Amino acid sequence: MTVLSLPPLDLDAAVAPAEDDSPLRSVSTAVAVLDCFAEEAELGATRVAARLGIAKSTACRMLAALATGGLLERTGSGRYRLGLRLFEYGQLAVDRLMLRDVALPAMGELRELLRETIQLGVVVGTDVLYVERTEAASMNVRFRSEHRRNPAHSSSTGRVLAAGDPALATAVLERGFVRYTPFTVVDPQRYRQILATTREQGYATSREELEPGWSSIAAPITMTRGGRPHPVAALSVVAPTSRVLGHRKPAVVQGIRRAAARVSADLERARS
């Protein structure tokens, strides 16, 4: 399955290298620049030049080119940090390598149990990207297929992941909230309260915040990092509000939490 369709990134065209620079040298320098951000979240041209032993002008040129391509983004201070496009590449790799294959059996079983749409979502920047979606064949009402990428603040998947990832929560708050329906939560304090509740109960809900009449419940898929579970994705059930947040809500919550726990355990086994 192809999740993302990204235009080619031509660093050699974006960077006007010195005459003695070959295309391969430009690519090698770009990789070295990106490697600098593995240890420090934000860097400026002076710091990058010092770390790599290159001219500051070369560092400036390369940083600007990487930012143009979306691999880096410039902060308000004038420094740089890893950009959205790298997240997209990373999520595409996760989809292709392991996550989707591990999650599909549990998603299929949950779909048959609840007879509703089941989604597998990951975070891309401050958005949620649904890398897989399964629907019951007998469903007479279906969620609009174009909703493959949604803002994290208005989705149950985004909330359940932000609840376990302070850095994501901060990024969502810094980005700001857009109101899509009369029910979209746009108050930062209310959003923080929702994340606190999500941490306590182990799942998140979204009631008609992206599209009227449709709501969802999500539970996190985790992997152990530093001895603690860290959310890496989420399973969600999306359906007409009366079917997901009405009298069936306890069954939906139980089903989605069990399925997410199963995928988490299967991921840990696949990694070991």
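About the cut-offs
- Residues numbered from 1 in each chain as written.
- Predicted model: local features only at pLDDT ≥ 70, side-chain atom pairs only at ≥ 80, totals over all residues.
- Heavy atoms only, no water.
- Helix = DSSP H or I, 4+ residues; strand = E, 2+ residues; numbered from the N terminus.
- Buried < 20%, exposed > 50% of the residue type's maximum accessible area, 1.4 Å probe, protein only.
- Contact = heavy atoms within 4.5 Å.
- Areas by Shrake-Rupley, 256 points an atom, 1.4 Å probe, with all protein chains shown as cover.
- Arc of directions from axis to C-beta.
- Pairing = 2+ DSSP bridges.
- Axes fitted to C-alpha atoms, helices over the stretch in contact; angles between N-to-C directions.
- Salt bridge = Lys/Arg side-chain N within 4 Å of Asp/Glu carboxyl O.
- Core = buried A, V, L, I, M, F, W, Y, C linked by side-chain atoms within 4.5 Å.

**Q** How would you sum up the overall build of the chain? Please name residues and give values.
**A** When you go through the chain residue by residue, the secondary structure sums to 11 helices and eight strands. Buried positions account for 46% of the 272 residues belonging to the chain. Taking the contacts inside the chain whose residues are at least 6 apart along the sequence as the reference set, 60% of them involve residues at least 24 apart. When the accessible surface of the chain is totalled, it reaches about 13,500 Å², and 53% of it is carbon and sulfur.

**Q** Any details on helix α8 (residues 166-175)? Residues and values, ideally.
**A** When we look at burial in α8, the residues that qualify are Leu168, Ala169 and Val172. Buried residues along α8 cover an arc of 100° about the axis, so they all sit on one side. More than 90 degrees from the buried face of α8, the exposed residues found are Pro166, Ala167 and Glu174. At its buried positions, α8 is contacted by β3 (117-124), α7 (156-163) and α9 (188-201).

**Q** Can you tell me about the sheet that holds strand β5 (residues 149-151), naming the residues and giving the values?
**A** Pairing within the open sheet is antiparallel, and its six strands lie in the order β5-β4-β3-β8-β7-β6. For this open sheet the edge positions go to β5 and β6 (204-207), each flanked by a neighbour on one side alone. Averaged over all neighbouring strand pairs, the angle between strand axes comes to 30°, with direction disregarded. As defined by bridge partners, strand β4 (residues 127-134) adjoins β5 across three bridges and the pair is classed as antiparallel. Its bridge partner being in β5, Val128 is matched across the sheet by Asn150. Packing of helix α6 (residues 99-114) onto the sheet brings it into contact with β3, β4 and β8 (228-240), and relative to β3 it is tilted by some 145°.

**Q** How would you sum up the environment of Gly69? Please name residues and give values.
**A** Relative to the helices and strands, Gly69 resides in the loop between α4 (56-68) and β1 (72-74). Take Gly69: its relative accessible area is 10%, and that puts it in the buried class. A sequence separation of 17 residues divides Gly69 from Leu86, and the C-alpha atoms of the two residues are 9.9 Å apart.

**Q** Which residues make up the side chain of Thr241, and what values do they have?
**A** For Thr241, the location among the structural elements is in helix α10 (residues 241-244). For Thr241, a relative accessible area of 9% translates into the label buried. Apart from the residues within four sequence positions on either side, Thr241 is in contact with Arg207, Glu208, Gly213, Trp214, Ser215 and Gly246.

**Q** Can you explain the pattern of salt bridges? Please cite residues and give values.
**A** If you walk through the whole model with that rule in mind, you get 17 salt bridges. Between Glu112 and Arg111 there is a salt bridge whose closest N-O contact spans 2.8 Å. Linking Arg149 and Asp127 is a salt bridge whose minimum nitrogen-to-oxygen distance equals 3.2 Å. Here Asp127 lies in strand β4 and Arg149 lies in strand β5, a separation of 22 residues in the sequence. By relative accessible area, Arg149 is classed as partly exposed at 31%. Each of the salt bridges in this network shares a partner with another, and the network as a whole consists of Glu42, Glu73, Arg79 and Arg81.

**Q** Please set out the nonpolar core residue by residue, giving values where relevant.
**A** Residues Leu120, Ile217, Ile221, Leu235, Val237 and Val263 are the most contacted members of the largest nonpolar core, which totals 31 residues. At the level of elements, α6, β3, β4, β7 (214-225), β8 and α11 (249-271) are the ones that each hand at least two residues to this core. Setting aside residues up to four positions removed in sequence, Leu120 forms contacts with Leu99, Arg100, Ala103, Met107, Leu129, Tyr130, Val131, Glu132, Ile221, Ala233, Ala234 and Leu235. Counting 17 residues, the second-largest nonpolar core is a separate cluster that includes Ala163, Phe177, Leu195 and Ala218.

**Q** Which residues make up the pairing of β3, and what are the values?
**A** Summarising burial for β3: eight of the eight residues are buried, a large majority. As paired elements, β3 and β8 share five bridges and run antiparallel to each other. Its bridge partner lying in β8, Ile118 is registered against Val237. Bridge count between β3 and β4: seven bridges; the pairing is antiparallel. The residue bridging Ile118 from the neighbouring strand is Thr134, located in β4. Where β3 folds back onto β4 in an antiparallel hairpin, the turn is made up of two residues, including Gly125, whose phi is positive at roughly 65°.

Treat this as a map of the structure, not an account of what it does.
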